[in-house]
Structures are given as structure tokens and as C-alpha cells.
Amino acid sequence: MHRASFTLDPAFSVGAVDPRLFGSFVEHLGRCVYTGVHEPGHPAADDNGFRRDVLDLVREMGVTVVRYPGGNFVSGHRWEDGVGPVRRARLEPAWRSVETNEFGLGEFAAWARAAGIEPMMAVNLGTRGVQEACDLLEYANHPGGTHLSDLRAEHGDAEPYGIRMWCLGNEMDGSWQIGHRPAADYGKLAAATARAMRMIDPGLELVACGSSHHSMPTFGAWEEEVLTAAYDDVDHVSLHAYYREENDDPASFLASGSAMEDFIEDVVATCDHVRAKLKRRKRINLSFDEWNVWYMKPMEEEAQPWERAPRLLENTYSLTDAVAVGGMLIALLRHADRVKIACQAQLVNVIAPIMTEPGGPAWRQATFHPFAQAARYGRGEVLRVEPVSPTVETAAYGETPLLHATAVRDAESGTVTVFAVNRALDGPMELTADVRALNTPDAPDGLRVLSHEVLADDDRHAKNTRENPDRVRPRPLEGADAAAVDGGRLRAVLPPLSWNVIRLGR
Ligand code: AHR
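Residues numbered from 1 in each chain as written. Predicted model: local features only at pLDDT ≥ 70, side-chain atom pairs only at ≥ 80, totals over all residues. Heavy atoms only, no water.

Per an unreviewed UniProt entry, the protein chain goes by the name non-reducing end alpha-L-arabinofuranosidase and belongs to Planobispora longispora. Its UniProt record, at the heading Sequence similarities (unreviewed entry), says of the protein chain: "Belongs to the glycosyl hydrolase 51 family." The UniProt entry for the protein chain carries the following text under Catalytic activity (unreviewed entry): "Hydrolysis of terminal non-reducing alpha-L-arabinofuranoside residues in alpha-L-arabinosides." (UniProt positions renumbered as here; feature names shortened; annotations may be inferred.)

Structure follows, in C-alpha cells:
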């Protein structure tokens, strides 16, 4: 049995959780839009062609924000093709598909309202620039009385969409990106676009592209150069990261949450370095607007080119993937002071927690569950958790603690939720936590355990499929191993390779 411990004290807080930490991403890629969120003629489709079975799962998952329309797709995107009565089909080079543009900005805005999420748009800074970004903004957000805002009304939407969050391009540091450019050029373009967009709508929150992943050769230098040019004009810098198990090495893969924390801390350091250099008071926050597990394949192996809505990036996730995703959610929460927006990429069918079949059912992947639980219970103030834990030596990231954990306190109800991953494959872990400081005058005897739910499985490769959609799901832990509080001490036994949600309340 492994043994680990920590202390919880409301006096030591990381910061408040921004609800936008539980965002997702809908890109025109594969079947995310077509036969994912949108499938006219499906038995569950509403009058707009939105799949109601998918909408129900999006609400159940607790998604707060959805980034749209890309991704690599946005860098060749002409938003005008996707509005109004005449839609133009185009070659879509980023994913080598045919884009029919049947679903565009108006449909996305209507879908966002139906799903109860806040939209986050990206503008094309690959093949386009300042003018087209301003045109799109005028169409989306200006109330009326101009060509583009009146055009939106003509297209059926008299009310502006009021989109507050905008990404200034996508992964512009990547050589694969249409219109990829050096940091100095992108920094100037991002600053100029941001300034012009704010002239139209001063209330925007703007995200500059950071690095496409931590190991990009330009990582660090890219952020420094871009922020030096655009510091006063943007609010956030983006981070993207995808992890996967390689070489049958689950220990390295399960350390992904810690690798993600290193990435966040490096970006925070770079933002604050530029702040010091420029002598500014404002701090740049982080938008981790693409993160997930992704088993990448070369495009040639994914699909034949120039099809409409081909099956691309349709990964099926295992229990191990779900526990790794849990670790990534813990990493984001542990940095809630600086990470204000995060989007799991993507929402439906494409490296997604929700899968669908055309004309058929929708179901939850294993990775759906940790997200849904974190989005539901991870609201309030993140408490500082410093685990004392045994470690494992990993090939990819060196020495890594076997316990990865955080805790979130809802100040109003006093409820505290502990999210904990036992990364050990070879045995359970006894977790003890000193929770005496959580006693309050109206609960002098301390908090009790409301529930202890676990995502674990005897087969670490177990997956949810169309035929068996609930094989991997959280279950209440009962018996001697279940969490209990005694004398101000929380004790629980976390199964090997498990994601745990322990709720403490009065
Ligand atoms: O989410 C899939 C792709 O990953 C996105 O289009 C791109 O931004 C990233 O490289």
C-alpha cells in the first residue's frame, strides 16, 4: 500500500476558479460539426438541425465556454461563406476536407444559446488580417445601422451575438499553420488587430497565440516576442498541449498532469518577465484553449482527402486516458490564479468526450466523466494542496509524485471537494488529510464525507463503445476503503490507477 498525505486550510488559497476553466472546442474538423452537433434529419434533431441528444450531454458535462471555428481550420476560413441564404462549399486545406459551410456563425450562435454556453470565436490571421477581423466583429456584435450588422439582421438575427472572447488566430508559431509567420510579424499583427477590434467593441477579451506545445523549438522566445509587441492590447496568451501513452509506458503518460503544470508555470514566468521588462502593472492571464489526450496519426492514415465530414481523429479513450484527463483537470485547477480559460479539445467525435453515429446514438467516452465531475464540483476557491507522496521515476518527466491532487471550497456552503489521482498501477494508496482547519463555528465538529466516487477498472484499457457505452463510469466507493473523517483527519484508500472525487460537507 502506498501512503500519501496533505493538509487543507482555507487560509491558504490559490485563487477563485473561473467557470470558463470548463470550456470545450468545436472545430470544423471531421465530424465535430456535421453529424456531431449538427445533423438535420436525425431523429433527435431540433428545428435547427441540432442534435438534442448531444445538447443534453453537453449540458450534463457542464461545459461553460466553446471555442469556434478552429483550430487549424480558422487560418483559411472565410466567415462570409457560412452566413446568409447562399452557402459556398470550399476546399478546406488544413484537414483536406470539403467544407459545405451549411453550419456557420449564425448556427453556432444559436447552438451556443441552446447549449447554454458562452461562445469564444477565433479570427483568421493566417490568410487574412485586421480588416476581415473587424468585419466579422461588426457582423457579430454591432447592434445595427451598418452594412454588416444589418446583414446579420437580414439573415434572421436582429440581436447581436455579443461575443466577448476572441482568439487572435490559431497556432501561428506552427509551420503546419496556413499563414504561419515569425513571432515578430505575428506580434505586430496581433497588436494591430486587437487595437482595431477594441475600437469597435472595447469590452472584448483578447487571446494572443502562444506556443502550440511546450516542446516547440521557439517556446519561450515566441511568447516573449509576441507579448513584447502586444502586451497592452491583449488579456491572455494561449497554451495548447496534447498527451498520449507511448511505448507502453503508462507511468510517463500519467505524469502528463505534472508536465502540464510545468508548462503553465513556464508561461506564467515568461508573461511576468515581459511585465517586468515593460514595467507594467497589468498581468497577462492564460487561456489553455486546447488540451487533451490525442493519439495522433499522419493525415494519410486518417482519411481520403476532399470528403465532406470524414471520420478524422476519432480516438476511443480508455480508463487510463480518463485518469490522465483527470490529472490535467487537477493541473488547471491548481493554477486557477492564472489560468482563466481552458478548452478541452474537442467536444464531439474529434478527440472528444462525446461520440455520435450518423442517424444513431450519442454516448459518453470514459474521458467525459472526470470533466463532468470537475465542472460540477470544482467551483469556488482552490485550496493550496502540498502532497507528501511517494514518487515514481518516469522516462519522460523524471521523478513524479504518485499522488496528484487539489481541493476546491465553495465558501457559501462550506463544501470542500478533493480531486485526487492515484497514479500507481501496482497498488492502492492510503490518503490521509488533516482537515481540522475546515471546522467552522457552525460546524464545530468538522465536516463529514458526503460522497467518494471513483473512476477505476480492473482492465486499464477498458473503453466505452456504442455497444457498451457505460463500461467506464464513476462509482461510489463503499466499505472500509471509502473516505471517512475521524478526529479532523480524512482517510481514504484510492484504488490503483484511479480518479477520485471526495466531497466533504456539513
Ligand atoms: O484540435 C486539433 C488541432 O490541434 C487543432 O486544429 C489545432 O489548433 C491543433 O494543432
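Following the structure, the description resumes.
**Looking at the overall build of the protein chain**
Assigned secondary structure in the protein chain consists of 11 helices and 26 strands. Here the C-alpha atoms of the protein chain give a radius of gyration of 23 Å, agreeing with the 23 Å that 2.2 N^0.38 yields for 506 residues. Overall size of the protein chain, expressed as C-alpha extent along the three principal axes, is 70 × 60 × 45 Å. Excluding contacts between residues fewer than 6 apart, the proportion of contacts in the protein chain whose partners are at least 24 apart in sequence is 77%. Counting every atom, the protein chain has about 19,100 Å² of accessible surface; 49% of that belongs to carbon and sulfur. Between the mean site of the 52 positive side-chain charges and the mean site of the 73 negative ones, the protein chain shows a separation of 3 Å. (Helix = DSSP H or I, 4+ residues; strand = E, 2+ residues; numbered from the N terminus. Rg over C-alpha atoms; globule rule 2.2 N^0.38 Å. Contact = heavy atoms within 4.5 Å. Areas by Shrake-Rupley, 256 points an atom, 1.4 Å probe, with all protein chains shown as cover. Lys, Arg positive; Asp, Glu negative; His and termini not counted. Charge placed at Lys NZ, Arg CZ, Asp CG, Glu CD.)

**Brief notes about the domain arrangement of the protein chain**
Where the parts come together, the accessible area they lose is often given as the size of the interface. Here the protein chain is described as being made up of domain 1 (2–10 + 382–505) and domain 2 (18–377). Of note, the centres of domain 1 and domain 2, computed from C-alpha atoms alone, are 30 Å apart. Facing the 40 residues of domain 1 at the interface are 39 residues of domain 2. Summed over both sides, the interface of domain 1 with domain 2 buries roughly 3,200 Å², with 65% coming from carbon and sulfur. (Domains from an automatic or database assignment. Buried area = accessible area lost by both parts, 1.4 Å probe.)

**Describing the site of the ligand**
All residues in the neighbourhood of the ligand are listed as F25, E27, G71, N72, W95, N170, E171, Y242, E290, W294 and Q346. Within the side chain of E27, an N or O atom sits 2.6 Å from an oxygen atom of the ligand. At 2.7 Å, a side-chain N or O of E171 approaches an oxygen atom of the ligand. Out of a free accessible area of 290 Å², the ligand has 95% covered by protein chains. Under a 2 Å grid-point criterion requiring more than half of the atoms, the pocket assigned to the ligand is the largest pocket. (Near = heavy atom within 4 Å. Polar contact = N/O pair within 3.5 Å; in protein donor to acceptor, adjacent residues only side chain to side chain. 1 Å grid on protein atoms, 1.4 Å probe; cavity = no way out; pocket = protein on both sides within 12 Å on 5 of 7 lines; lining within 4 Å. Sits in = over half its atoms within 2 Å of the grid points.)

**Quick notes on the packing of helix α8 (residues 256–278) against helix α10 (residues 319–334)**
Remark: α8 packs on α10, axes separated minimally by 7 Å, with the N-to-C direction vectors making an angle of 30 degrees. By the angle between their axes, α8 is roughly parallel relative to α10. Crossing angle aside, the handedness with which α8 passes α10 is right-handed. Contact residues: α8 offers S256, G257, M260, E261 and I264, while α10 offers G327, M328, A331, L332 and R334. Within the contact of α8 with α10, the residues separate by chemical class into 5 nonpolar, 3 polar and 2 charged. (Axes fitted to C-alpha atoms, helices over the stretch in contact; angles between N-to-C directions. Parallel < 35°, antiparallel > 145°, perpendicular 65-115°, else oblique. Left-handed = near helix turned anticlockwise from the far one by under 90°. Nonpolar A, V, L, I, M, F, W, Y, C, P; charged D, E, K, R; others polar.)

**Observations regarding the nonpolar core**
Ranked by internal contacts, the top residues of the largest apolar core, which has 137 residues, are W111, W166, L168, Y186, F288, W291 and L347. Of the residues forming this core, the biggest block, 11 residues, is contributed by α10. Two domains share this core, each providing at least three of its residues, namely domain 1 (2–10 + 382–505) and domain 2 (18–377). Sequence-distant contacts of L347, defined by excluding residues within four places in its chain, comprise S24, F25, V26, C32, V58, M61, V63, V66, W111, A352, P353 and I354. Residues V385, L402, A405 and L494 belong to the second largest nonpolar core, which totals 26 residues. (Core = buried A, V, L, I, M, F, W, Y, C linked by side-chain atoms within 4.5 Å. Buried < 20%, exposed > 50% of the residue type's maximum accessible area, 1.4 Å probe, protein only.)

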